[in-house]
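Chain by chain, the residues run as shown.
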Amino acid sequence: MATFPRTRLRRLRRTGALRELVRETRLDVRDFVMPLFVAPEPQLNEALPGMSRFSLQTVVREADELASAGVGAVLLFGVPEEKDDEGSGAWDPDGIVQRALRELAERVPELVLLTDVCLCEYTSHGHCGVVAPDEPGVRNDETLELLARTALSHADAGADAVCPSDMMDGRVGAVRTALDDAGHDEIAVVSYAAKYASAFYGPFREAADSAPAFGDRRGYQMDPGNAREALRECELDVAEGADVLMIKPALPNLDVISAVRERFDLPVAAYNVSGEYAMVKAAGARGWLDERQAALESLTSIKRAGADLIVSYWAKDLAAWL
Ligand code: PBG
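Residues numbered from 1 in each chain as written. Predicted model: local features only at pLDDT ≥ 70, side-chain atom pairs only at ≥ 80, totals over all residues. Heavy atoms only, no water.

Student: Explain the overall build of the chain to me, and be specific about the residues and the numbers.
Tutor: Scanning the chain from N- to C-terminus turns up eleven helices and nine strands. Computed over its C-alpha atoms, the radius of gyration of the chain comes to 20 Å, within 12% of the 20 Å expected for a compact globule of 322 residues. Along the three orthogonal principal directions, the C-alpha set of the chain runs to about 70 × 40 × 40 Å. By the burial criterion, 52% of the 322 residues in the chain qualify as buried. (Helix = DSSP H or I, 4+ residues; strand = E, 2+ residues; numbered from the N terminus. Rg over C-alpha atoms; globule rule 2.2 N^0.38 Å. Buried < 20%, exposed > 50% of the residue type's maximum accessible area, 1.4 Å probe, protein only.)

Student: So, the packing of helix α3 (residues 96-107) against helix α4 (residues 140-157): which residues are in play, and what are the values?
Tutor: Packing of α3 against α4 brings their axes to within 8 Å, and their N-to-C directions diverge by 25°. What the angle tells us is that α3 and α4 run roughly parallel. Regarding α3 and α4, the two cross each other, and that crossing is right-handed. Contacts from V97, Q98, L101 and R102 in α3 reach S153, H154 and A157 in α4. Residues that form the contact of α3 with α4 fall into these classes: three nonpolar, three polar and one charged. (Axes fitted to C-alpha atoms, helices over the stretch in contact; angles between N-to-C directions. Parallel < 35°, antiparallel > 145°, perpendicular 65-115°, else oblique. Left-handed = near helix turned anticlockwise from the far one by under 90°. Contact = heavy atoms within 4.5 Å. Nonpolar A, V, L, I, M, F, W, Y, C, P; charged D, E, K, R; others polar.)

Student: Describe the environment of A319, naming the residues involved and giving the relevant values.
Tutor: Take A319: it is sitting in helix α11 (residues 315-321). Between the alpha carbons of A319 and F32 there is a distance of 9.3 Å; along the sequence they are 287 residues apart. With residues near it in sequence (within four places) discarded, A319 still touches V29, A69 and V71.

Put into structure tokens, the structure is as follows:
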């Protein structure tokens, strides 16, 4: 093998044009999904624009802008007017997400509509499933029915794919069965297959008003120390009928993204979550780093690790940057 001085890897780094020519990983805005929060009242978040809330009126305009900029897909989250113990707003046919879906499906038909399927934004206690009085934790099997109902209401309202993010055991199968039984065999299930209990969801919980009122989510979301367990989660979700496997958060789990890419042939998604976005935004605002460069570098590394599609609050900015 030729070594220095004959071999000089810097030769191909000499000019921008050369670097372009040999670049292994490129970002393409068509691989990106923009999360959108829909709420009864719009709420601008100037510090974190990706965490702003849109009303039913303003979400259509935003979706239009995204589609014209080249972003092909959105992931909808709802902040309901009222919450209750069960989280019944999640499957209300006239709930905030269902109404947004009907509007968007009609007015921006070119956009792929994904929905987050979970109860935490709709429950008064902020947990992702059924909580019984005087009992710690979330009841798994009772939650499945509510998630299935939620997914079905999204499909009825025009979702292209539903994304269960609650981390109950058996939810992908429950959702798939409910969709098929109702004649929605065309609707895809994008499973948040390996979702870790993460501090990086902080800004999201503020935007979606979904922080747990007591305790935490470690009894259902994954322990960050575990990677083999992520593969088991994926295996089960594939067996239950998942169409896409998602890993989340992205940057702390690049090894998991890469392992899932190696092991499975399904499309792999990664969620570059609110805290990953907020860290860079905050440092950028202080002049400690260049937001755009840091964002591009982060997203490139997520793609290089093996993600086919990436959910990111930078999706809209990215369309302008690329
Ligand atoms: C709902 C859900 C959460 C996120 C996506 N879906 C919050 C949570 O699990 O606490 C987090 C997304 C982000 O931080 O950007 N369960």
